[in-house]
Amino acid sequence: MLVLNSKSNISVKDEEAYSEIMPLERESDPVGGAVSDPILEIRDTTVSFDMERGESRVLDSVSIDIQRQEVLGVVGESGSGKSMFASALLDAVVDPGQLSGDITYHPSTDESVDLLNVSPEELKQLRWEDISMVFQGAMSSFNPTMQIRGHFKETLKAHDYDIGEGIERAHELLSDLYLEPERVLDAYPHELSGGMRQRALIALSLVLEPRVLVMDEPTAALDLLMQQSIINLLMDLKEKYNLTLLFITHDLPLVAELCNRVAVLYAFDFVEAGPTDELIDEAGHPYTRALLNATPNLNAPPDEMQPIDGSAPDPVAVPSGCSYHPRCPLATEECIEQDPQYYSMSSNHAVACHHWEESVEAIPLNHLLTEDDAASPMEPTAESTSENMGSTNEVADNEF
Ligand code: SF4
């Protein structure tokens, strides 16, 4: 079991930290504020489906910036819109979904691409070459009748890359991920373990040298030690290839450990975003605090873990005012009637809640740690990690 780290020294009572309290537009201002060097700017982005029951908005006017080379975590429970957000970034919303808004990609500081208005040919190029994605469950991402080598070749060919050079790069990536390149390239997906398939998929997603890697629950199907190993490898790859990483996950300990910033989705819109340490220690939104209190951690006995009452809203019938009000212990008439704007808790920490100051006082967190608690006895040691990953020969012997 991982723990939520508690590194921030910011006090909720620190008046300076809250000196900039001011409402911000929920729809057009990026949650958490604009960043200095955005690689992606997402504004008023909506995904909707026309259904017999009415319009289903599965992403509702979200706005956020993603800083070049940051690791951003997007968290929320099932049905909050996380995967739809990932699909929107690549204009990959399935029919008959309708995607609207603005998504601007900056390959470099002085270049801009309007992602929702490029030609199908340009879009095809941008996917994989600039923005790549790894989905949960590698098995369903691979064609079971094709060797892993065939997947690499197909991707390289579709993007007019030199096959020889691409396969060389595949070798390097697979080695970086502690896989034996030739054996993995010659294998069919079913001949690999879950962890090996997931690593092969990560290598495939990086073979065209993208700048942004979007990972939708990349380790959800793996055991804890394999998750930890893959995460460590990803962080190495991020440094080596100057990647911007976007983790879409329900796993708060994972984002606490990895991400520079966290953005919380509830009912298809961001309700809070901020630097990871600040958000973990001083979350302002009752939903974020409930998520934290529902997360297993070593510092809270099991009876202090609190499941969140109720369920995520139906996208056809999102509650009026603040969409969290039917589940919120602090809800008032104002909450039922008025959708809150973003309030700035610090220069880059924003929260959409009328009563965030009360929330900090009224909903204590059960995970706060002292510095001595920061090292988790459950975190894998170098020894256990190497054992779990196996030498390439052990992998070959055990997994093929
Ligand atoms: S605005 Fe009201 S209902 Fe919504 S989270 Fe805040 S206190 Fe709860």
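Only a predicted model underlies this, so the values are computations on that prediction, with no experimental measurement involved.

Next up on the list: the overall build of the chain. When you go through the chain residue by residue, the secondary structure sums to 15 helices and 13 strands. Classification of the 400 residues of the chain by burial places 43% in the buried group. Of the contacts made within the chain by residues no fewer than 6 positions apart, 71% connect residues no fewer than 24 positions apart.

The full set close to the ligand counts 13 residues, and Cys 322, His 325, Cys 328, Cys 335 and Cys 353 are the nearest of them. Here the residues of the shell around the ligand are counted per class, giving nine nonpolar, four polar and no charged.

This part is about the sheet that holds strand E5 (residues 98-105). The strand order across the open sheet built from four strands is E3-E2-E5-E6, with neighbouring strands paired in antiparallel fashion. Edge positions in the sheet fall to strand E3 (54-67) and strand E6 (113-114), since each has one partner strand and no second. As judged from the 10 bridges shared by strand E2 (residues 38-51) and E3, these two strands associate in the antiparallel manner. Note that in E3 the partner of Phe 49 across the bridge is Ser 56.

Another point: the confidence of the model for the chain. Here the chain averages 83 in pLDDT, and 82% of its residues register 70 or above. Counted against residues more than four places away or in other chains, residues 1-21, with its pLDDT under 50, gives 47 contacts. A low-confidence stretch, residues 369-400 (pLDDT under 50), is modelled with 44 contacts involving residues beyond four sequence positions or located in other chains.

Attention shifts here to the packing of helix H4 (residues 148-158) against helix H5 (residues 163-176). Interaxial distance between H4 and H5 falls to 10 Å at its minimum, and their mutual angle equals 130 degrees. Looking at the two axes, H4 sits oblique to H5. Helix-helix and strand crossings are classified by hand; for H4 and H5 the assignment is right-handed. Between H4 and H5, the residues in contact are Phe 152, Lys 153, Leu 156 and Lys 157 and Ile 163, Gly 166, Ile 167 and Ala 170, respectively. The class makeup of the residues in the contact of H4 with H5 is five nonpolar, one polar and two charged.

Here we come to the pairing of E2. Connecting the antiparallel pair E2 and E3 is a turn made up of two residues. Relative to E5, E2 is paired through seven bridges, and the arrangement is antiparallel. In the strand pairing of E5, Ile 42 is matched with Ile 103.

On to the packing of helix H7 (residues 194-206) against helix H8 (residues 224-241). As a packed pair, H7 and H8 sit with axes 11 Å apart at the nearest point and diverge in direction by 15 degrees. Here H7 lies roughly parallel to H8, going by the angle between them. In this structure, H7 crosses over H8, and the sense of that crossing is right-handed. Between H7 and H8, the contacting residues are Gly 195, Gln 198, Arg 199 and Leu 206 on the first element and Met 226, Ile 230, Leu 237 and Tyr 241 on the second. Each residue belonging to the contact of H7 with H8 can be placed in one class, and the counts come to five nonpolar, two polar and one charged.

Attention now moves to the nonpolar core. Of all hydrophobic cores here, the largest spans 97 residues; its most connected members are Phe 85, Ala 203, Val 214, Leu 246, Phe 247, Ala 263 and Val 264. The element contributing the most residues to this core is H7, with seven residues.

Further remarks concern unusual backbone geometry. Going from Asp 95 to Pro 96, the amide bond is cis rather than trans, its omega being 0 degrees. Examined against the element boundaries, Pro 96 turns out to sit in the loop between helix H1 (82-89) and E5. You will see that Phe 268, though not glycine, has its phi angle at about 75 degrees, which is positive. With respect to the secondary-structure elements, Phe 268 resides in the loop between strand E10 (261-266) and strand E11 (269-275). Its 27 C-beta neighbours within 10 Å are what place Phe 268 among the buried residues.

For H8, with 18 residues, the first-to-last C-alpha span of 25 Å sits near the 26 Å given by 1.5 Å per residue. Residues of H8 that are buried include every one of Met 226, Gln 227, Gln 228, Ser 229, Ile 230 and Leu 234, and no others. At the C-terminal side of H8, Asn 242 shows a positive phi close to 50 degrees.

The rules behind the values
- Residues numbered from 1 in each chain as written.
- Predicted model: local features only at pLDDT ≥ 70, side-chain atom pairs only at ≥ 80, totals over all residues.
- Helix = DSSP H or I, 4+ residues; strand = E, 2+ residues; numbered from the N terminus.
- Buried ≥ 20, exposed ≤ 12 C-beta atoms within 10 Å, placed from the backbone.
- Contact = placed C-beta atoms within 7 Å.
- Near = placed C-beta within 6 Å.
- Nonpolar A, V, L, I, M, F, W, Y, C, P; charged D, E, K, R; others polar.
- Pairing = 2+ DSSP bridges.
- pLDDT = per-residue confidence, 0-100.
- Axes fitted to C-alpha atoms, helices over the stretch in contact; angles between N-to-C directions.
- Parallel < 35°, antiparallel > 145°, perpendicular 65-115°, else oblique.
- Left-handed = near helix turned anticlockwise from the far one by under 90°.
- Core = buried A, V, L, I, M, F, W, Y, C linked by C-beta atoms within 7 Å.
- Expected span 1.5 Å × (residues − 1).

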